[in-house]
Amino acid sequence: MLRGIPLPALALAFGVLTGLALWLVVDRLQTRALSHIFDQALESQLDQQARESLIRFDEYRRSFAHLARLVATHRRMADYLDPIIWGRRSSDTLQYDRDHTPPWLPDDLTWQGGISPAYFSLVDPAGQIRELYSSRGAALPVGLIGEVNGQLVAANRRSFVTLFNDRPWLIVTEPTEDNARTPMGSIVILSPIDDAFLSASQQFVKSSNNVVAILDPDAQRILASSSPVSVVAGSRLAALRRDYMVTAQSFFDYDGSDMNLLFATLLPRASFERTGQQVLDLERRQRLIGAAVIVSAFVLLFVFMSSRISRLLRRVSQLSRRALDVPNSGPLQHGNQLLILEEWIRDFVQLVMRAREEMRRQHETELLETEKLRVAIMDASLDAIVTVDERGGILDFNPTAQETFDYRHEEAIGRSFSELVVAPKSRDAFERLLYLSLAGADQGGALQRAELQAVARDGRVFPVELSIKPVFLEEQLVFTLYLRDIAERKVREAEIRSLAAFPSESPIPVLRINGRGVITYANQPSAALLKHWGCRPLQTLPVNWRNRVEAVLQTGSTKEFEVQTDDGIYSLLLAPVAELGYVNVYARDITSERLAEEEAKRRQNELVHVTRVSNMGEMATGIAHELNQPLSAIVNYANGCARRLRLDIGGKDELLEALGQISDQAGRAGEIIKRLRGMVSRRQPVRELVDLNVLARETCSMISHELKRHELAIERRLSEDELWVRVDSVQIEQVLINLLRNALDAMIEVPAAERRLVIESGVQPDGMVYVCVQDNGSGISSRNMEHLFDAFFSTKESGMGMGLAISQTIINNHHGKIRADSWPGKGSVFTIELPPNIDSAVSAAS
Amino acid sequence: MSEANQSKPVVFVVDDDQAMRNSLKWLIESVGVHVESFSSADDFLAQYQPGRAGCLVLDVRMPGMSGLDLQEHLANRNIHIPVVIITGHGDVPMAVRAMKSGAIDFIEKPFNDEVLLDAIRRAIAHGEQQRSHHSEHLQIQQRLQNLTPREYEVMEMVTEGKSNKEIANALGVSAKTIEAHRARVMEKMQAGSLAELVRMVLAVNGAD
């Protein structure tokens, strides 16, 4: 804010304000001092005047006493007071007035000096007033005489002031004698102390300003004053103090008076204050003039200074513009030059500092970056980088170099490069290379490169590739050496060469086929496959194999195929190399494996068969019974027919129906025998499309005899839908028979009425078709559960322990699963899961 | 059921195998005997009314209640119907059990038709006899029930072979009174002679 105001204006404002403030302060102080001085003077004057006034009053009063004595001792008084005449006088009071002066008063009683008592009275020795003279013609206030008498009797006082009717009275008494000096009472002078009295007492004083008054200190009131106009009798002292300086004094020489009255001197204030004001006004005028002069001089001085500073500023701004190229300092000419100068100096200093800092930082950053770059290159380099001086001493040795040669940085520094890491036989070559690099550098030629033998700390000698770059610094010549350990590369090269020979050495067929199905490589053992395909290397594969190669390339995952050639069975692993667009084929002769597998399968079948046959043995009675049924039925029908024919009873239709029944039963017997043969015969496993429910039903009927023996019926919960599976019916029946018979065996301990055997079929949520056999027999202990499907594991005394093992084999061969759940003491559930034949299910449905 | 049917014997065939059932029916009917066939023991029990004349031809092995079970069941319920057991393969313990339970015969499949028919015939005859015995018993029992307690007392003593005098002494009445009781007992029991009365009482008590 101050910045915008020019310096002289500021100085003017400052001067005026400071002067004003100073003036006000001085004025206040001076006024106070002056009034103090005046007050002191006034007080002393007042004291003086008061004292004088009192003295005058006192003298005036005394003059009354003198008058009384004069009258009392006058010859006339003595003459008048003839005891015979006066003493006999009646007690009535003789009244005198102005026109009738009493005879005892001297004629020439001078009233000079203003002494004019209001009343003279003669009092007899008994205290009775015998005669009274009222000089002013006014009657003596009633009661005053009594008062006076009381006073006179009470104290033998000659002169006193008393208060009567709120008015002060001066009472003077003097004893009188007759000519014979006999006391004849006394003369009493009574005079009211009123304004006239008071002014008379002060008549010789010139100053009329003063007022004297009698003060009743108890009531703080004026009783009488010398100037009744300005100081009214009865006015209160507090009110008077506003206009007057009041000094109250007690009367002296009035001992014995019980009147508590004060003598007050009043001086009007107005006169003093006027004088003080005049002095003050004069003082102020002088001060004003002085202040104006000083402020003007002050402002002039500042005007001069600011003009000088302005000039200085202009120069300085020019300098800053030129020196620092700073375009500021536009509004320099206006405003407070001092502040502007200060601001400018501050800015200028900052600018200079900033400029310096900037330059320093730039310089440092450049240095640092260069160094960082260099260190980064050195550190990150995969090559060993070594800097040597012109004599071959190592100056710098980067981390790769440390690693390659196994020397620490500080170990390498200062050593001769050639002696430290170059193999003795390569040292000459290295020296030559140094020389050549120099020569090359002179001509601005390329880097010198060479392969040398280097030696590491542990004495290992290995090939390195070396290139040299001479660097001409200001003071010296250094060489930068780039070395690369090429031992590994050489090994790799050799490895690649040997790897290339790999497939050709392989005893198994290895081929490479590109995306179009062209055989780009085939080793010697591949001949059999090539013969099978009827093509040679660089020819295209048959179309089905071409498709397989394409598919494998697309999916990107390996896949295995089998191919049977004249020479044997091969398993071909097609491994795609997607990024190169070809497929590697590794073939494996699996002829013997396949043969072994088939043998195993044949053996297994045999085992299945043997188990089945042995089962059949166990079931023989059951089968016999089953055969018995239709046979008995046939016999019954036949006998029935024969009897009817013999007796010639029965209709033809009846007989024909019976014959039909015979035929049916014979068929039934035939079926049983056929199935029996199927069970017993040794044959290759087949796969046929059957409904699992049909198999379950047939199985149930096969063991119906055994069921009867156990006195129970199977609870069938077969699904209503047909469950098509592609299986070997005989084998699946074998499994089911096995499970049902196991269930029957498990229920031996259960009372016949409580036995429960359920066969259930259906489709699982995962799509597998299942059939399960559930019993409420003894169950299987968890210990036995583990070995349930192991061969030769049996809990039965007569069991071979092959049943479940064979069942599992059979189901596994059908890509199904068999599992057991059991609750010991409560029963077991055996479940067979088989993959459904969806296509056939559809076709069968249609 | 008509009275004619009631009197005519029926062969009840119980076999779970339908072919067997039908063929048996065919064979047995060839000799003019009425056949009713049932597929299970429960079926039979549900429909059979006790007291019908005839016999039962049972297959031993049947799911649910077996032939032997049925036989025992009937005996327990005091139903006396003669039973012929047919079996697929006879085993001795089972045959013994069947015979002990009162089977008429135990025939092995396949069987000669004569053997079966003969057994059925015998069974029916046995049944008839049993039935007549049974009706006589019923009559005697009815008569016994008509006796007053005193008459029953007297009758018991008489059948024990005590004299009128002895009885009178034992019961503390006169011999004449006993005489009168005895005459009333004979009359009520429709016994022609003392021997007949004794036979009646024995028959009833023996059967119980």
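Predicted model, so just to flag it, every value in this text is computed and none were measured. (Residues numbered from 1 in each chain as written. Chains lettered and ligands numbered in written order. Predicted model: local features only at pLDDT ≥ 70, side-chain atom pairs only at ≥ 80, totals over all residues. Heavy atoms only, no water.)

Some words on the packing of helix H2 (residues 18–29) of chain B against helix H6 (residues 113–146) of chain B
All names here are of chain B. At a minimum axis separation of 11 Å, H2 and H6 run at an interaxial angle of 75°. One way to sum up the angle between H2 and H6 is to call them roughly perpendicular. Residues Leu-24, Leu-27 and Ile-28 of H2 touch H6, and the partners they reach there are Asp-113, Leu-116, Leu-117 and Ile-120. By residue class, the composition of the contact of H2 with H6 is 6 nonpolar, no polar and 1 charged. (Axes fitted to C-alpha atoms, helices over the stretch in contact; angles between N-to-C directions. Helix = DSSP H or I, 4+ residues; strand = E, 2+ residues; numbered from the N terminus. Parallel < 35°, antiparallel > 145°, perpendicular 65-115°, else oblique. Contact = heavy atoms within 4.5 Å. Nonpolar A, V, L, I, M, F, W, Y, C, P; charged D, E, K, R; others polar.)

Thoughts on the state of the cysteines
This structure, assessed with the given rule, holds 0 disulfides over all chains. A disulfide-free cysteine, A:Cys700 has its sulfur positioned 12 Å from the sulfur of A:Cys772, the nearest such atom. (Disulfide = S-S within 2.5 Å.)

Considering the domain arrangement of chain A
By domain assignment, chain A separates into domain 1 (1–53 + 269–368), domain 2 (74–190), domain 3 (381–492), domain 4 (501–589), domain 5 (590–684) and domain 6 (686–846). Look at where the C-alpha atoms of domain 1 of chain A and domain 5 of chain A centre, and you get two points 142 Å apart. (Domains from an automatic or database assignment.)

Brief notes about the interface of chain B and chain A
Between chain B and chain A, the residue contacts involve 27 residues of the former and 26 residues of the latter. When the buried surface of chain B facing chain A is broken down by residue, B:Trp26, B:Ser30 and B:Arg61 rank first, second and third, together holding 31% of it. Counting across the interface, chain B meets chain A through 3 salt bridges. Across the salt bridge formed by A:Arg643 and B:Asp113, the nearest N and O atoms sit 3.0 Å from each other. (Buried area = accessible area lost by both parts, 1.4 Å probe. Salt bridge = Lys/Arg side-chain N within 4 Å of Asp/Glu carboxyl O.)

A closer look at helix H5 (residues 92–100) of chain B
Residue and element names in this part refer to chain B. When H5 is considered as a whole, its buried residues turn out to be Met-94, Ala-95 and Ala-98. End-on, the buried residues of H5 take up no more than an arc of 100°, which puts them together on one face. For H5, the exposed residues lying more than 90 degrees away from the buried face are Val-92, Pro-93 and Lys-100. Downstream of H5 by a residue or two, Gly-102 has a phi angle that is positive, lying close to 100°. (Buried < 20%, exposed > 50% of the residue type's maximum accessible area, 1.4 Å probe, protein only. Arc of directions from axis to C-beta.)

Focus on the nonpolar core
Soluble, globular proteins show a tendency: their nonpolar side chains are buried together. Residue and element names in this part refer to chain A. Among the nonpolar cores identified, the biggest contains 50 residues, and Leu-692, Ile-732, Leu-757 and Ile-832 are the most heavily contacted of them. Of the residues forming this core, the biggest block, 9 residues, is contributed by helix H21 (residues 729–746). Here this core gathers at least three residues from each of two domains, domain 5 (590–684) and domain 6 (686–846). Residues contacting Leu-692, with those up to four places away along its chain left out, are Leu-723, Val-725, Ile-732, Val-769, Tyr-770, Val-771 and Leu-834. Within the second largest apolar cluster, 35 residues are counted, among which are Ala-72, Ile-187, Ala-200 and Val-212. (Core = buried A, V, L, I, M, F, W, Y, C linked by side-chain atoms within 4.5 Å.)

A short note on the domain arrangement of chain B
As assigned here, chain B comprises domain 1 (3–131) and domain 2 (147–207). Relative to domain 2 of chain B, the C-alpha centre of domain 1 of chain B lies at a distance of 43 Å.

Re the pairing of strand S12 (residues 394–397) of chain A
The pairing of strand S11 (residues 384–389) of chain A with S12(A) spans 3 bridges and is antiparallel. Within the sheet, the bridge partner assigned to A:Val386 lies in S12(A) and is A:Phe397. (Pairing = 2+ DSSP bridges.)

Some words on the sheet that holds strand S5 (residues 167–177) of chain A
Residue and element names in this part refer to chain A. A sheet is described by the order of its strands in space; here 6 strands give the open sequence S1-S3-S2-S6-S5-S4, paired in mixed fashion. What marks the edges here is a single partner per strand, and that holds for strand S1 (94–96) and strand S4 (159–164). Averaged over neighbouring strand pairs, the angle between their axes works out to 20° when direction is ignored. Along the sheet, helix H1 (residues 7–73) makes contact with strand S2 (119–123), S4, S5 and strand S6 (183–192), crossing S5 at roughly 30°.

Some thoughts on the pairing of strand S15 (residues 477–485) of chain A
All names here are of chain A. The pairing of S11 with S15 spans 6 bridges and is classified as antiparallel. Its bridge partner being in S15, Asp-389 is matched across the sheet by Val-478. Alignment of strand S14 (residues 461–472) against S15, held across 9 bridges, turns out to be antiparallel. Along S15, the bridge assignment pairs Glu-465 with Arg-484. Here S14 folds back onto S15, and the loop between the two strands holds 4 residues.

So, the packing of H21(A) against helix H23 (residues 803–813) of chain A
Residues and elements named next belong to chain A. Two elements in contact, H21 and H23, have axes separated by 10 Å at closest approach and are oriented at 145°. For the crossing formed where H21 meets H23, the hand is left-handed. Contacts between H21 and H23 involve Gln-731, Ile-732, Gln-734, Val-735, Asn-738, Leu-739 and Asn-742 from the former and Gly-803, Leu-804, Ile-806, Ser-807, Ile-810 and Ile-811 from the latter. By residue class, the composition of the contact of H21 with H23 is 7 nonpolar, 6 polar and no charged. (Left-handed = near helix turned anticlockwise from the far one by under 90°.)

Side note on the pattern of salt bridges
A side chain of one charge can pair with a side chain of the opposite charge when the charged atoms of the two come close. Residues and elements named next belong to chain A. Under the criterion given, the structure shown has 49 salt bridges over all chains. Linking Arg-594 and Glu-597 is a salt bridge whose minimum nitrogen-to-oxygen distance equals 2.9 Å. One end of the pair, Arg-594, and the other, Glu-597, are both in helix H17 (residues 591–647), 3 residues apart, so they sit about a helical turn from each other. On the accessibility criterion, Glu-597 (42% relative accessible area) is partly exposed. The shortest N-O distance in the salt bridge between Arg-819 and Glu-833 comes to 2.3 Å. Of this pair, Arg-819 sits in strand S26 (residues 817–823) while Glu-833 is found in strand S27 (residues 827–834), placing the two residues 14 residues apart along the sequence.

Observations concerning the packing of aromatic side chains
All names here are of chain A. The tally for this structure, following the rule as stated, stands at 19 aromatic pairs over all chains. Arranged with centres 5.4 Å apart and planes meeting at 80°, the rings of Tyr-60 and Phe-64 form a pair that is edge-to-face. Highlighted residues: Tyr-60 and Phe-64, both in helix H1, separated by 4 residues, approximately one helical turn. Accessibility classification places Tyr-60 together with Phe-64 in one group, the buried group. (Phe/Tyr/Trp six-rings, centres within 6.5 Å; stacked < 30°, edge-to-face > 60°.)

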